[in-house]
Amino acid sequence: MIAIDQRNDALSPTFVKISAGTASLIVTVKNGGQAVHTFTGPRPKIDRVLSPGDSVTVAVSVTGPGAIPFSCRFHTTLGMQGRSSTRTAPSRSGRRRRA
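The structure contained in this document is the topic of the report that follows. (Residues numbered from 1 in each chain as written. Predicted model: local features only at pLDDT ≥ 70, side-chain atom pairs only at ≥ 80, totals over all residues. Heavy atoms only, no water.)

**Notes on empty space enclosed by the protein**
Thinking step 1. Within the structure shown, the criterion is met by 1 cavity of 30 Å³ or more.
Thinking step 2. Each pocket or cavity is described by its volume, and for the largest cavity that value is around 110 Å³.
Thinking step 3. Taken together, 15 residues form the lining of the largest cavity, with Val27, Phe39, Val60, Phe70 and Ser84 sitting closest to its centre.
Thinking step 4. Counting residues per element, the ones that place at least two in the lining of the largest cavity are strand S1 (2-7), strand S4 (24-31), strand S5 (37-41) and strand S8 (66-71).
Thinking step 5. By residue number, the principal contributor to the lining of the largest cavity is S8, which donates 3 residues. (1 Å grid on protein atoms, 1.4 Å probe; cavity = no way out; pocket = protein on both sides within 12 Å on 5 of 7 lines; lining within 4 Å. Points joined across faces, edges and corners; volume = space filled by probe spheres on them. Helix = DSSP H or I, 4+ residues; strand = E, 2+ residues; numbered from the N terminus.)

Next up, the structure:
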């Protein structure tokens, strides 16, 4: 499970590393600030509004290697965005397979 805190137009953490082979990720988001925020992401399409003090837990699909962006759609231009990322599992030779 991943916990993301929203506060003062910032997210913490802004980067989440996902282990190779993960199929879904449980994310809990808490709005610890004084403004209304959203937790918005693409997998599946997630767009939840959180009032101050609210929290939400969502399942995020991990369909393969790469980045999964997330943000507050109200405050993206203020830098309230981040991403999670997974890498391809290493091959038996110890080298990473190409995606």
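**Considerations on the pairing of strand S6 (residues 46-50)**
Thinking step 1. Where S5 lies against S6, 5 bridges are found, and the strand directions are antiparallel. Looking at S6, one finds that threonine 38 is bridged to valine 49.
Thinking step 2. Between S5 and S6, which pair antiparallel one after the other, the connecting turn spans 4 residues. (Pairing = 2+ DSSP bridges.)

**Quick notes on the nonpolar core**
Thinking step 1. Core analysis: the biggest nonpolar cluster contains 19 residues, and Ile4, Leu25, Val27, Val29, Phe39, Val58 and Val60 have the highest contact counts within it.
Thinking step 2. At the level of secondary structure, the elements contributing two or more residues to this core comprise S1, strand S3 (15-18), S4, S6, strand S7 (55-61) and S8.
Thinking step 3. Apart from residues lying up to four places away in sequence, isoleucine 4 is in contact with Leu11, Ser12, Pro13, Val27, Thr28, Val29, Lys30, Phe39 and Phe70. (Core = buried A, V, L, I, M, F, W, Y, C linked by side-chain atoms within 4.5 Å. Buried < 20%, exposed > 50% of the residue type's maximum accessible area, 1.4 Å probe, protein only. Contact = heavy atoms within 4.5 Å.)

**Points about unusual backbone geometry**
Thinking step 1. In this model, serine 12 is joined to proline 13 through a cis peptide bond whose omega is 0 degrees.
Thinking step 2. Tracing the backbone shows proline 13 in the loop between strand S2 (10-12) and S3.
Thinking step 3. In the Ramachandran plot, asparagine 8 falls in the positive-phi region, its phi being about 50 degrees despite a non-glycine side chain.
Thinking step 4. In this fold, asparagine 8 is placed in the loop between S1 and S2.
Thinking step 5. In this structure, aspartate 9 is a non-glycine residue whose phi angle is positive, near 60 degrees.
Thinking step 6. Along the polypeptide, aspartate 9 turns up in the loop between S1 and S2.
Thinking step 7. For aspartate 9, a relative accessible area of 30% gives the class partly exposed.

**Here we look at the pairing of strand S9 (residues 81-86)**
Thinking step 1. Bridge count for S3 against S9 is 4 bridges, and the pairing is parallel. When the bridges of S9 are listed, lysine 17 appears paired with serine 85.
Thinking step 2. The pairing of S8 with S9 spans 6 bridges and is classified as antiparallel. In the sheet register, serine 71 faces S9, and the bridge partner there is glutamine 81.

Structural measurements only, silent on function.
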